Every structure is written in C-alpha cells, then in structure tokens.
Amino acid sequence: LTHGVAVIYAQGTNDARALNGSGRNPWQYMTEKDKFVEFDFTTTYKIYKNLSADFSLAYVIEDFEKQGSATGSFAKRAKKYDNGWGIGAQIKYAF
C-alpha cells in the first residue's frame, strides 16, 4: 500500500487588456490575476505482482479575476467556474 500527495499551483500570464477588441473570450485562457491550486491524493494497492488498484481524490480551488460589469465577459467567466473536485479508481496491469 502506497500513498502519493501532490499540490499544483498555476497562474496566468496573459494581460487582460489584450482582450480589448480581440473578440476572444477571457475564459479560454488565464490572465495575470487568475490562479488556481490543486490538491491530489492517490492510494495504490498492489493486488498481485503486476496488478494494482489506484484510488484518487482531487480538489481544485480557483481564484479567477472577477472584474468587469455584471454582463461583461469577466463576470460570465466568474459564474462559469467554481471550485471543483474529482474522484477516480482504476485497475492497472503492467507487463
């Protein structure tokens, strides 16, 4: 039985001012003020020599820029995304 933990941090590098007149939607990429942190926990149980079962749990905390008017593209993006989570299970056979 083994366990793994991972913490991932990401921050955007795009300038939000570049959107002006470009026709691009801001939720398609991350701006300088956008960031998120992800926490992953994985457990692996070795059933046989080449067969194992993995169980994982992940949680993402988003901090996207929420400026602009209530009908602006930044407000739409803020409503579209929220903190998220995920669980998974898989059986692996290695040969």
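Right above here is the structure, for reference.
Everything in this summary refers to the structure shown in the same document. Please read these numbers as outputs of a predicted model, since none were measured by experiment.

**Here's the deal with the overall build of the protein chain**
Point 1. In terms of regular secondary structure, the protein chain is built from one helix and four strands.
Point 2. Put simply, the protein chain runs from its N terminus to its C terminus through helices and strands in the order β-β-β-α-β.
Point 3. Taking all 95 residues of the protein chain together, 22% fall into the buried category.
Point 4. Once local pairs closer than 6 in sequence are excluded, the contacts in the protein chain between residues at least 24 apart make up 59%.
Point 5. Carbon and sulfur atoms make up 58% of the accessible area of the protein chain, which totals about 7,000 Å².

**Remarks on the side chain of D54**
Point 1. Inspection of the secondary structure puts D54 in strand β3 (residues 51–63).
Point 2. A relative accessible area of 9% places D54 in the buried class.
Point 3. Among the polar contacts listed, one links the side chain of D54 to the side chain of T44, at a separation of 2.8 Å.
Point 4. Beyond its immediate sequence surroundings of up to four residues, D54 is in contact with T43, T44, G88, A89, Q90 and K92.

**Some thoughts on the sheet that holds strand β2 (residues 35–46)**
Point 1. With antiparallel pairing, the four strands of this open sheet are ordered in space as β1-β2-β3-β4. What marks the edges here is a single partner per strand, and that holds for β1 (2–11) and β4 (84–93). In this sheet, neighbouring strand axes are inclined to one another by 15° on average, regardless of whether the strands run parallel or antiparallel.
Point 2. Direction of pairing for β3 relative to β4: antiparallel, over a ladder of ten bridges. Looking across to β4, one finds that L51 is bridged to Y93.

**Description of the environment of V60**
Point 1. Within the fold, V60 resides in strand β3.
Point 2. With a relative accessible area of 24%, V60 lands in the partly exposed category.
Point 3. Taking the C-alpha atoms as reference points, V60 and V37, 23 residues apart in sequence, are found 5.7 Å from one another.
Point 4. Ignoring any residue separated from it by four or fewer positions in sequence, one finds V60 in contact with F36, V37, E38, N83 and G84.

Cut-offs and rules
Residues numbered from 1 in each chain as written. Predicted model: local features only at pLDDT ≥ 70, side-chain atom pairs only at ≥ 80, totals over all residues. Heavy atoms only, no water. Helix = DSSP H or I, 4+ residues; strand = E, 2+ residues; numbered from the N terminus. Buried < 20%, exposed > 50% of the residue type's maximum accessible area, 1.4 Å probe, protein only. Contact = heavy atoms within 4.5 Å. Areas by Shrake-Rupley, 256 points an atom, 1.4 Å probe, with all protein chains shown as cover. Polar contact = N/O pair within 3.5 Å; in protein donor to acceptor, adjacent residues only side chain to side chain. Pairing = 2+ DSSP bridges. Axes fitted to C-alpha atoms, helices over the stretch in contact; angles between N-to-C directions.

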